[in-house]
Amino acid sequence: MTAFNDESGTGDALRRALGVNRRRFLSTCTAVAAGAIAAPVLGASPALAQDRGRGHDYDHDHGRGHVLVPPGKRGIILYTVRDATARDPLASDLPSGFREVFKQLARHGYRQVEFAGYNQHANAPGGASLESVAGARLLRSWLDDYGLRAQGNHGFIPSSWPLTTADLDTFKKHLEIANILGMDHMGTGGDPTGSSYPADWDVAADKWNALGKIARREGIKLYTHNHDSAYGFLLDGGPLDAQGRPTRSSGIRKLEYFLKATDPKLVWLEMDIFWAHVAQYKFHTYTAHDGSTREKVFDPAGLVARNNKRYPLFHAKDGVVSTTNGMGYDMVPFGTGVIDYTTFFSRVGERNYHNPMVEDDNSPSATDPAQSLREAKISYDNLAALRARRH
């Protein structure tokens, strides 16, 4: 058996498209065919930073080709350094609270941040919660002081549908905060629905179209964010279960269905590239309506390239191979893993449109309080070092 062919059966075409050398592709397929997936499908060599501290702010660097992520597009989601924003400034000499963390991130070279809420330590300037108009004005002043741009937030998306008055008022408040902060985008860290059934995704699409229309009136693009399950297969046919729900798939992935069900002028997506690669590893076969098992490899960069303007933001997370956790990868600082970001960013293009946000859920450490900001610097250097391959 040839493992993980594309839909036309031409594995070489997919291998070339994903930037994987033939030897690695064939060795991976052989391992899968033997019944032991020894590595995530279609992994690639890490893109490690070189010549750190120089050359990052130029479009070309000593003949190595143009930068894949321009300086003004290099961002980080603040969840990566959540221990630092939550740190008590009275109990530590390390950067603490939003203002000091902004200052440190700007020193590292970042020019954009994505919020993950607006809470910090109560002893930091401004107090514990800055989730207000006054708090947003304070945050904006600090962003401006350090040359940073707010570019999104994983914040409030109403749980009610139809919307309650309270949820609508809170949503509008968050749009006002987003505008004060200067965001073009506002979003969430969760999937539109956890369901596998088209009917539930239709409801989610109706809700997001309505929310997106409200956001557009305020000049904001509303986006949703994926984990791995959202790029799993929709159950949309075949025999029904005891609850009358379909049990088999046509091979359409959930978020691909959502893309078609939502208005491209109202709803955008932020691809979490790490979780998309986990989905590539986990969801490569499905049971078709006729009961047969079919193979279909997920191509994250290909999906973005086909829907480029729908993906204004990315989460740029990296991973090393794991054969034990069921996901294929363990998360590590950007540029220290095996996800081939050089190929990914080269394939999706539009480098002056996309906004990659570095993220590492595991950066905060219970024993090393300086780790998250230190790893944020490593991730920045590796993001800045990415260059298009010269042919």
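Residues numbered from 1 in each chain as written. Predicted model: local features only at pLDDT ≥ 70, side-chain atom pairs only at ≥ 80, totals over all residues. Heavy atoms only, no water.

## Focus on the overall build of the protein
1) Next: When helices and strands are counted, the protein shows twelve helices and 14 strands.
2) Next: Taking all 391 residues of the protein together, the buried fraction comes to 53%.
3) Next: In the protein, of all internal contacts separated by at least 6 residues, the share reaching a separation of at least 24 is 73%.
4) Next: Carbon together with sulfur atoms contributes 49% to the accessible area of the protein, which is approximately 16,300 Å² in total. (Helix = DSSP H or I, 4+ residues; strand = E, 2+ residues; numbered from the N terminus. Buried < 20%, exposed > 50% of the residue type's maximum accessible area, 1.4 Å probe, protein only. Contact = heavy atoms within 4.5 Å. Areas by Shrake-Rupley, 256 points an atom, 1.4 Å probe, with all protein chains shown as cover.)

## Some remarks on helix α6 (residues 165-181)
1) Next: Here α6 is 17 residues long and its end C-alpha atoms lie 24 Å apart, about the 24 Å a rise of 1.5 Å per residue gives.
2) Next: Burial in α6 covers these residues: D167, F171, H174, L175, I177, A178, I180 and L181.
3) Next: Where the residues of α6 are buried, they touch β2 (112-115), α5 (133-145), β3 (149-153), β4 (185-187), α7 (198-217) and β5 (221-225).
4) Next: Positive phi appears at G182, one or two residues downstream of α6, with a value of about 85°. (Expected span 1.5 Å × (residues − 1).)

## Some remarks on the sheet that holds strand β14 (residues 355-358)
1) Next: Judged by pairing direction, the sheet is parallel, and its eight strands sit side by side in the order β3-β2-β1-β14-β11-β8-β5-β4 without closing on themselves. A single partner strand is all that each edge strand has here, and the edge strands are β3 and β4. Pairwise comparison of adjacent strand axes, ignoring direction, gives a mean angle of 30° for this sheet.
2) Next: Across four bridges, β5 lies against strand β8 (residues 267-272) in parallel orientation. Note that in β8 the partner of L222 across the bridge is V267.
3) Next: α6 contacts β2, β3, β4 and β5 of the sheet and is inclined by roughly 140° relative to β4. (Pairing = 2+ DSSP bridges. Axes fitted to C-alpha atoms, helices over the stretch in contact; angles between N-to-C directions.)

## Re the pairing of strand β6 (residues 237-240)
1) Next: As judged from the two bridges shared by β6 and strand β7 (residues 246-248), these two strands associate in the antiparallel manner. Looking at the pairing, G237 lines up with R248 of β7.
2) Next: Counting the residues between successive antiparallel strands, the hairpin from β6 to β7 contains five residues, one of them, G244, with a positive phi of roughly 80°.

## Describing the nonpolar core
Proteins that are soluble and globular tend to have nonpolar side chains buried together.
1) Next: One finds F115, L181, M271 and F345 to be the most contacted residues of the largest nonpolar core, which totals 80 residues.
2) Next: Of all the elements, α7 adds the most residues to this core, at seven residues.
3) Next: In this structure, L181 is in contact with F115, Y118, A136, L139, R140, L143 and A150, ignoring residues within four places of it in sequence.
4) Next: Residues W268, L313, Y353 and M357 belong to the second largest nonpolar core, which totals five residues. (Core = buried A, V, L, I, M, F, W, Y, C linked by side-chain atoms within 4.5 Å.)

## Looking at a positive patch on the surface
1) Next: Taken together, the side chains of K172, K213, R216 and R217 define a basic patch exposed on the protein surface.
2) Next: Along the polypeptide, R217 turns up in helix α7. (Patch = residues over 30% accessible without salt bridge, like charges linked within 9 Å, V, L, I, M, F, W, Y side chains within 5 Å. Salt bridge = Lys/Arg side-chain N within 4 Å of Asp/Glu carboxyl O. Lys, Arg positive; Asp, Glu negative; His and termini not counted. Charge placed at Lys NZ, Arg CZ, Asp CG, Glu CD.)

## Points about the environment of R137
1) Next: Residue placement: R137 occurs in helix α5.
2) Next: The spacing of R137 and I180 is 43 residues in sequence and 6.4 Å in space, taken between C-alpha atoms.

## Observations regarding the pattern of salt bridges
1) Next: Using the criterion set out here, one finds 16 salt bridges in the structure.
2) Next: Close ionic contact of R140 with D144 constitutes a salt bridge, the shortest N to O distance being 3.1 Å. Here the residue R140 and the residue D144 both occupy positions in helix α5, the gap between them amounting to four residues, near one helical turn.
3) Next: Taking relative accessible area as the criterion, D144 reaches 47% and is therefore assigned partly exposed.

## Focus on the packing of aromatic side chains
1) Next: Evaluation of the coordinates by the stated rule reveals 17 aromatic pairs.
2) Next: Here the aromatic rings of F274 and W275 are separated by 5.1 Å at their centres, their planes lie at 85°, and the arrangement is edge-to-face. The residues F274 and W275 share a single accessibility class, namely buried.
3) Next: Cluster of aromatic residues (ring-pair linked, three or more members): F314, F334, Y341, F344 and F345.
4) Next: Above the face of the Y79 ring, R82 is positioned so that its terminal group lies 3.9 Å from the ring centre. (Phe/Tyr/Trp six-rings, centres within 6.5 Å; stacked < 30°, edge-to-face > 60°. Lys NZ or Arg CZ within 6 Å of the ring centre and 35° of its normal.)

## Looking at the packing of α5 against α6
1) Next: Running from amino to carboxyl end, α5 crosses α6 at an angle of 25°, the nearest separation of the two axes being 8 Å. In terms of orientation, α5 and α6 fall into the roughly parallel class. Read as a crossing pair, α5 and α6 show a hand that is right-handed. Listed contacts from α6 to V133, A136, R137, L139, R140 and L143 of α5 are E176, I177, N179, I180 and L181.
2) Next: Class assignment of the residues belonging to the contact of α5 with α6 gives a composition of seven nonpolar, one polar and three charged. (Parallel < 35°, antiparallel > 145°, perpendicular 65-115°, else oblique. Left-handed = near helix turned anticlockwise from the far one by under 90°. Nonpolar A, V, L, I, M, F, W, Y, C, P; charged D, E, K, R; others polar.)

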